[in-house]
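Notes for the structure review
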Amino acid sequence: MTFGIALSGLDAAQSDLNTTANNIANSQTTGFKSSTANFVELYASSEIAANTQIGNGTQLQQVEQSFTQGDVTTTGNSLDMALSGNGFFTVSQGGTQEFTRAGSFQTDANGNVVNATGQNLQVYAPNANGTFNTTSLTNLKIPTGDSAPAPTTTGTLDFNLPADATPPAAVPGGFTPSNANTYNQSTSMTVYDSLGAAHTASFYFVNTGANTWNAYEFVDGKQVNANADPVQLTYSTSGALQSVTDAATPAGTNPDAISFGSYTPTTGAAAMNVTYNVGASTQFGQDFGVTSVTQNGYTTGQISGVSVSSTGVVQANYTNGQSNNLGQVAVANFADQNGLQQVQNTNWEQTYASGQPVFGQAGGANFGTIQSGSLEQSNVDITSQLVNMITAQRAFQANAEMISTDNSITQTVIQIPNQQ
């Protein structure tokens, strides 16, 4: 019996050493979680009275993993992600889902975001209204095409016209941009047509008397709606814009949406009809000045990078200043994460013991946040593992010594008849 008990001790010590060796071997493995070998005592079925039965050795009951947080290190790669807190990234290949804390991802030849073994990172697809479809998962893919342009439809002009200005001297032909003596002030901004081509919109201001001004718009040197009257701006005695009359509404219009008329680009794009907000313009007793000029159009853009927020929202950023939501990383959690089945590549699979995955968004209830450009390192404590190794080694040696001792006793018993 002693041989069997000691052999079970040897097996247990070997399992403990194997577990420790695996921990040490993976001390530099991204997302790895250390394990501990747990053992139970064995008893043989017997009718021996209570408190007199001798145990029958030990056996490995469970290799329990520690899901404590590993250190997070910066990599600079925006597709590298580290979870701080509960949860797992979800990866899929061939319809099989696995779960991992190793957030090292890159794009394949088709733009799919995958890990080193080609498993696709799973996300919630974006909806048109800016939310995400949390009812199903899909592969995350980085687009390779350009961002479509958008034509300018609105703009804002904030400026001050000098209150002490006087009408320009009368010249043959009246106002013309080529003759600076026919207008008082000017400014310009860039606008875009439906094909994304840039155009220069220039604005000229002509004082026509006390507190009144005419405004003209030229695009690429061509007057917008040349047959219409200029936009008329009237300011109060306190310098605030009092009324506006434009080509579309001669009787007076909203200063937040004035129109100089329509302009047809030579690029083949659709006609442009931009409305401008000049409600914040003033006429004070100081020099002409432009506070800001803005517009809502933009040209074609090429992808310049990818960003991931702390809640897992993945965006493609473009050179035209635009960004598009590509998906939101789906984070999985389990009722009993120790019930997960370890597989290769620092992944886990769900089991009956773990329960089905509960999917959610990073930063939500019971889900950790995501750090982009970072990776979670192994949570192995080398010092503790070395201590475990020494302890397991001594247990192995002690059980081996027990076998040697039992062998000596057996030999003694066998030799007793020969000594009589």
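Residues numbered from 1 in each chain as written. Predicted model: local features only at pLDDT ≥ 70, side-chain atom pairs only at ≥ 80, totals over all residues. Heavy atoms only, no water.

1. What to know about the layout of surface pockets
Quantified by volume, the largest pocket comes out at close to 150 Å³. If you go around the largest pocket, the residues you meet are T30, T100, A102, S104, N115, A116, T117, N345 and N347. Grouping the constituent residues of the lining of the largest pocket by class yields two nonpolar, seven polar and no charged. (1 Å grid on protein atoms, 1.4 Å probe; cavity = no way out; pocket = protein on both sides within 12 Å on 5 of 7 lines; lining within 4 Å. Points joined across faces, edges and corners; volume = space filled by probe spheres on them. Nonpolar A, V, L, I, M, F, W, Y, C, P; charged D, E, K, R; others polar.)

2. Some points on the packing of aromatic side chains
Under the definition given, this model contains 17 aromatic pairs. Their ring planes at 70° and their centres at 5.9 Å tell us that F88 and F334 sit as a pair that is edge-to-face. With F88 in strand β5 (residues 88-93) and F334 in the loop between β24 (323-333) and β25 (341-343), this pair connects stretches of sequence that are 246 residues apart. Given a relative accessible area of 8%, F334 falls into the buried group. Aromatic side chains F88 and W348 sit 5.5 Å apart centroid to centroid with 65° between the ring planes, which places their arrangement in the edge-to-face category. Here F88, found in strand β5, pairs with W348, found in strand β26 (residues 347-349); they are 260 residues apart in sequence, far enough to count as distant. According to the relative accessible area criterion, F88 is buried, its value standing at 1%. Given the relative accessible area of 2%, W348 is considered buried. Here a set of aromatic residues connected by ring pairs shows up, and it is made of F67, F88, F99, F334 and W348. (Phe/Tyr/Trp six-rings, centres within 6.5 Å; stacked < 30°, edge-to-face > 60°. Helix = DSSP H or I, 4+ residues; strand = E, 2+ residues; numbered from the N terminus. Buried < 20%, exposed > 50% of the residue type's maximum accessible area, 1.4 Å probe, protein only.)

3. Some words on the environment of G87
Position of G87 among the secondary structure elements: in the loop between β4 (81-84) and β5. Those residues in contact with G87, other than ones at most four positions away along the chain, are R101, V331, A332 and N333. (Contact = heavy atoms within 4.5 Å.)

4. Topic: the environment of A362
Structurally, A362 is set in the loop between β27 (358-361) and β28 (369-372). On the accessibility criterion, A362 (3% relative accessible area) is buried. Separated by 96 residues in the primary sequence, A362 and T266 place their C-alpha atoms 49 Å from one another. Contacts of A362, omitting those with residues within four sequence positions, involve S310, T311, G312, V331, F367, G368, T369 and I370.

5. Quick look at the pattern of salt bridges
The tally for this structure, following the rule as stated, stands at two salt bridges. One salt bridge connects E376 with R101, and the closest N-O pair in it is separated by 2.9 Å. Within this pair, whereas E376 is found in strand β29 (residues 374-376), its partner R101 is found in the loop between β6 (96-100) and β7 (106-107), the two being separated by 275 residues in sequence. What you see here is one network of salt bridges that share partners, running through K33, R101 and E376. (Salt bridge = Lys/Arg side-chain N within 4 Å of Asp/Glu carboxyl O.)

6. Thoughts on a nonpolar patch on the surface
A surface patch of nonpolar side chains, about 300 Å² in accessible area, is lined by I382, L386, M389 and I390. Checked against the element boundaries, I382 lands in helix α2 (residues 382-415). Taking relative accessible area as the criterion, I382 reaches 35% and is therefore assigned partly exposed. (Patch = residues over 30% accessible without salt bridge, like charges linked within 9 Å, V, L, I, M, F, W, Y side chains within 5 Å. Areas by Shrake-Rupley, 256 points an atom, 1.4 Å probe, with all protein chains shown as cover.)

7. Here we look at the side chain of T90
Tracing the backbone through its elements, the reader meets T90 in strand β5. With a relative accessible area of 0%, T90 lands in the buried category. Discounting chain neighbours no more than four positions away, the residues touching T90 are Q97, E98, F99, N120, L121, Q122, L137, A330, A332 and F359.

8. A look at helix α1 (residues 2-25)
With 24 residues, α1 extends 34 Å between its outermost C-alpha atoms, agreeing within 8% with the 34 Å of an ideal straight helix rising 1.5 Å per residue. A6, S8, G9, L10, A12, A13, T19, T20 and N23 are the residues of α1 that are buried. (Expected span 1.5 Å × (residues − 1).)

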